[in-house]
Amino acid sequence: MRHGLRLRLRDLGAGAAFASMGVSGQLPVWTLALYGLALLCALMGRRLFGRRAKLTALLLLVVAVVLGMNVLAGSLNLVVAACAFAGLISAHRLLSTPEPATDGQVHLSGLLMVAGGAALTGELTYGVCLVAFGVLSSMSLALGVVEAAVPEGEPVPVRQVMRPLATGLTFAVAGAVAFFILFPRLNWNMMGPRAAPGLGAATTGFSNTVRLGGAGTIKGNPRIVLRATLDPAPDKENLDAYWVGRTYDIFDGQEWTNVGGARGTGDWMVTLRPGSEGLIHQRVELLPAYGASTLVALETPSRLGNAASHTQTGSRRARIQELGGGEVRFLDPGIAFSYEAYSLPPGGSGDSFQKLPANEQDALLTLPENIDPRVAQTAARVLNGEREPLAAAQKLAAWLQRENSYTLELGGDVEDPLADFLFERKAGHCEHFATALTLMLRTQGFRARLATGFFGGERVNDVYIVRAGDAHAWTHVLVPGRGFVTVDATPPAHRASQASEFLQDLLGFYESLEERWRSAVVDYSFRDQLDVARALVRPPKGSDEDESPSRLPPLRAWATALVAGAVTYGVWRRLARFLGRERPHDATRFVDAVEAQLASARLERHEGETLEELDARLAREHHPLSPALSPITRRYLEARFGGRPLRQGESAELLATLKRAIAADARRAAAEERAPRARRAS
Amino acid sequence: MTPRRRKQWWARVRAWLRPPRTLKVTRIGRTYLVVTFGVGLGALNTGNNLLYLLLGLLLSMVVVSGVLSERCLQDVSVRRVGADAAFAAEPFAFRWAIAKKRGHGFALTLGEADSPLTGEGGVGYLPMGVDHVVRANLTAPRRGPVLLTGVRVTTTWPLGLFAKSRVFSLEGTLLVYPRRGYACQDPGEAERGPVGDAGNPRRNDGTGDVSGLRELMQGEDARRIHWRKSASAGKLLRVEREREERRTWVLAVVAGLEGDALERRCEEVAALAHRLIEEGHEVGLDTADGRVRPAAGTAQERRVLRALAWLGHEGPHEDEEAA
């Protein structure tokens, strides 16, 4: 079919435009389903609304009412509703009979959808959809234009069309990038949408309790939940650090809880403990996949604040509140969050036991009522009289790693999960290891608590990322003089994410692209424009002094040389054209001069009258100039067409003759004008 | 520099600054520009960088569209191949030859600029250096010479947002014959007496092709006997030949007719001439402008039509077939 390819490109372009909105994850699911169905039918060539275009348009009215009611009920954002409606208009047009008008409507609704996508999401996938829409729709439009001009029955030259179109599209994309970089931003608060729920529900989170016996499926989830920039930046690809969210101190045999309550009503900044030398500054982003409002920071956090919550409608400054267990939470809801945190360097929290609240002091030694006595006996046997808390904890951690294996496959709830882990199954995940270590320490009189958060940190560009699979639990043991010190009983190989390596690499690559997209496009601002301009005017010098200087000239020298070369070539081309032009004939120059003199004599000339015609006319009219003009005309014709060029000085001589004749004629005319006046006076 | 040379120089500068192109925004182009404007406003108001990116892409497409369409119209040469016969108020085939010296052309539409002729022809793809003949069905509203000043080449390449046109100055005249129709009136009496067999009292004794054999009747010309067939049949058979009848009419358009009356008379005379010439008669024409001597055949019909086309118009009668 002649239109087949063009229509498929058109439909795919519209699909890409809808996908640019769909990737935001904000559109109602039923609109996604409807559009997907419509696109599928259109691609299969089934235009279901072809015969009942007006009747089926009523469906759009129904959809508009439904969306409007959702907006009024507050369950749907107005922008999202508008975008969904644009998508459904596009779906209706996809299913209508293909006509030039319908094609135009599909393309323009696609354009609207892409604009809507820009308002809904800032993801890299939006950029991909935008380019896909641009390419597919342009190809479809170009084929449509050529099809319209090709006579019926003749083939459409698809291959010939693609090449110049591809060149044009390349230039268009380059132009778009240049416009993007150079067009002055008039607003300093440049910021695209920072948050969209994305596809898929959040899989991590912090609850008020930690219950043993749950499945450990989260360890296999590679989704990125946290992104952090550290200062000073550690020169490590894998950070392998503990990112603490909160701690627990009461275990009832099944689950961990906390005795502390909320402190304060919320503030812009929370100080958990006093700082010290060498604080590590972190700029943290909690992504939509995180799914909780607990702030996470490198162990051990000192101060958190300067927080912002990002919603679909924008970003705003957020207040935070300290809760029990050292947890800090956002008070304002949001899809994603960003904040700054300062953490103490590794080595201990520096907390003093005496400064802890009384209930927390007591809780650090609390044991469940029905704890299996074998736990204490085993701990005592392993420690063998060791009384130094950190050494004892390390001994027990080593024993646990030696005697128990790591597994994510658990049988569900049991009556005593700790005893089951230590003496029956002898296998468990990080929460079992951490619980076992904490309680074994407590049975021997060492104060300890359970901490949860993440373990890991993988560098992508200059940012460290943490995945959902990095969720982890470990033990804090109280060491006099150092405060709480981290001891991890989980075997080192199983502390970080257990997701498929391929998936992790894939997500890592995507994250790398996403990071560049965010920094170069979404967060591009007037400040960046100034940097670009500054770099062009005065390129920054390399920071490494020992780096051997390049022998090649700098980039700007190449650019200048290129521009200078282009200008020189242009000048040379124009000059060559000017010098190589056809020189006017001597006779032509002569006749130009004659005509100039005749013009000064104010002779009446007819439209388009040549010199020889003028001469003939003047001769017929016995004009006084005719005797002077006739030889000049004859000489001109001889010189121009008769092969007898003008001699040196001949043209000047002839022109002088004509000038004299014109002057004499002017005098005569003046005398004739005076004579009647004199007669009238007499 | 003389004033004339200064004028020429200035005309050249103006031509360089403003190449002779006309740009028309198409329907989809208008909506595209409105959406672009909206996206621009949105970008400026919200500061959303993605909208800036989209705006950049939309504006770049406009620029690229202009450049590609200009490349399409550059280095193009057009000449008229013409039409076989153009009758008023009915489509007639018209042809142009178009070639491109450098690069390729896409989606080119050709039409006559500033003329009452309606209709256009198109070429989807014009390769470099190929003389491509473009056919179009044009329609002229009325009889007479149509002054052609130039050929308009239009392209909506690449996206159909803008229609860019270039007019190639190409003077000529297309002679449009009177509208074809049926002759309601009788041509009247023939100009002269019978020619050929028309006056023969034996109506079926023509001199044309053989139409059959029949028995020779009493008193019939013995020269008509087909001796071989008669010998084989054992009786006298004669050859019957088709009768030929050719008469001469001189059709007249009386002087003093104007406007619709003249048009109607021209159409009627053209229809009569066509019918009579088709029947094999000789037809001449007598008008206020001159006389066409009677003759038969399609060439004569063309002469009559041409004379009728020029009737009431002034101008050269010889080189009108430029188109």
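On a predicted model such as this, the values are computed, not experimentally measured, just so you know.

(A) Expanded view of the sheet that holds strand S1 (residues 210-211) of chain A. Residues and elements named next belong to chain A. Pairing is antiparallel across the open sheet formed by three strands, whose spatial order is S1-S5-S4. Of all strands in the sheet, those with a lone pairing partner are S1 and strand S4 (250-251), marking the two edges. Contacts from helix H12 (residues 430-443) reach S1, S4 and strand S5 (255-257), with the element oriented near 70° to S5.

(B) Structural context of the interface of chain A and chain B. Every contact between the two is made by 49 residues of chain A and, on the other side, 38 residues of chain B. Between chain A and chain B, a total of about 3600 Å² is buried, with carbon and sulfur atoms accounting for 77% of that surface. For chain A, the biggest contributors to the area lost against chain B are A:Leu111, A:Val145 and A:Phe179; these three give 15% of the whole. Summed over the shared surface of chain A and chain B, the number is one salt bridge. One salt bridge in this structure joins A:Asp592 and B:Arg5, with 4.0 Å as the shortest N-O distance. Of all the secondary structure elements, the ones that give two or more residues to the side of chain A that touches chain B are helix H5 (100-120), helix H6 (124-149), helix H7 (158-182), helix H13 (501-522) and helix H16 (586-600) of chain A.

(C) Focus on the pairing of strand S18 (residues 463-467) of chain A. Residues and elements named next belong to chain A. Of all five residues in S18, five are buried, a share of seventy percent or more. Where strand S2 (residues 224-231) meets S18, four bridges bridge the pair, whose relative direction is antiparallel. When the bridges of S18 are listed, Ala228 appears paired with Tyr464. Bridge count between strand S17 (residues 448-460) and S18: three bridges; the pairing is antiparallel.

(D) Highlighting helix H5 (residues 259-278) of chain B. Between its first and last C-alpha atoms H5(B) spans 29 Å; for 20 residues at 1.5 Å apiece the expected length is 28 Å, and the two agree. Backbone geometry just after H5(B) places B:Gly280 at a positive phi near 100°.

(E) The arrangement of the nonpolar core in detail. Residues A:Leu27, A:Tyr35, A:Tyr126, A:Trp517, B:Val39, B:Leu54 and B:Trp157 are the most contacted members of the largest nonpolar core, which totals 82 residues. Contact partners of A:Tyr35, with chain neighbours within four places excluded, come to A:Ala14, A:Gly15, A:Phe18, A:Gly87, A:Ser90, A:Ala91, A:Leu94 and A:Met113. Of all hydrophobic cores here, the second largest spans 39 residues; its members include A:Leu212, A:Trp256, A:Leu450 and A:Val479.

(F) Highlighting the sheet that holds strand S4 (residues 92-100) of chain B. Residue and element names in this part refer to chain B. Judged by pairing direction, the sheet is antiparallel, and its three strands sit side by side in the order S2-S4-S7 without closing on themselves. The open sheet is flanked by strand S2 (76-82) and strand S7 (132-138), the only strands paired with a single partner. Between one strand axis and the next, the sheet turns by 30° as a mean value, whatever way the strands run. Direction of pairing for S4 relative to S7: antiparallel, over a ladder of seven bridges. The residue of S7 that forms the bridge with Phe94 is Ala136.

Scoring rules and cut-offs
- Residues numbered from 1 in each chain as written.
- Chains lettered and ligands numbered in written order.
- Predicted model: local features only at pLDDT ≥ 70, side-chain atom pairs only at ≥ 80, totals over all residues.
- Heavy atoms only, no water.
- Pairing = 2+ DSSP bridges.
- Helix = DSSP H or I, 4+ residues; strand = E, 2+ residues; numbered from the N terminus.
- Contact = heavy atoms within 4.5 Å.
- Axes fitted to C-alpha atoms, helices over the stretch in contact; angles between N-to-C directions.
- Buried area = accessible area lost by both parts, 1.4 Å probe.
- Salt bridge = Lys/Arg side-chain N within 4 Å of Asp/Glu carboxyl O.
- Buried < 20%, exposed > 50% of the residue type's maximum accessible area, 1.4 Å probe, protein only.
- Expected span 1.5 Å × (residues − 1).
- Core = buried A, V, L, I, M, F, W, Y, C linked by side-chain atoms within 4.5 Å.

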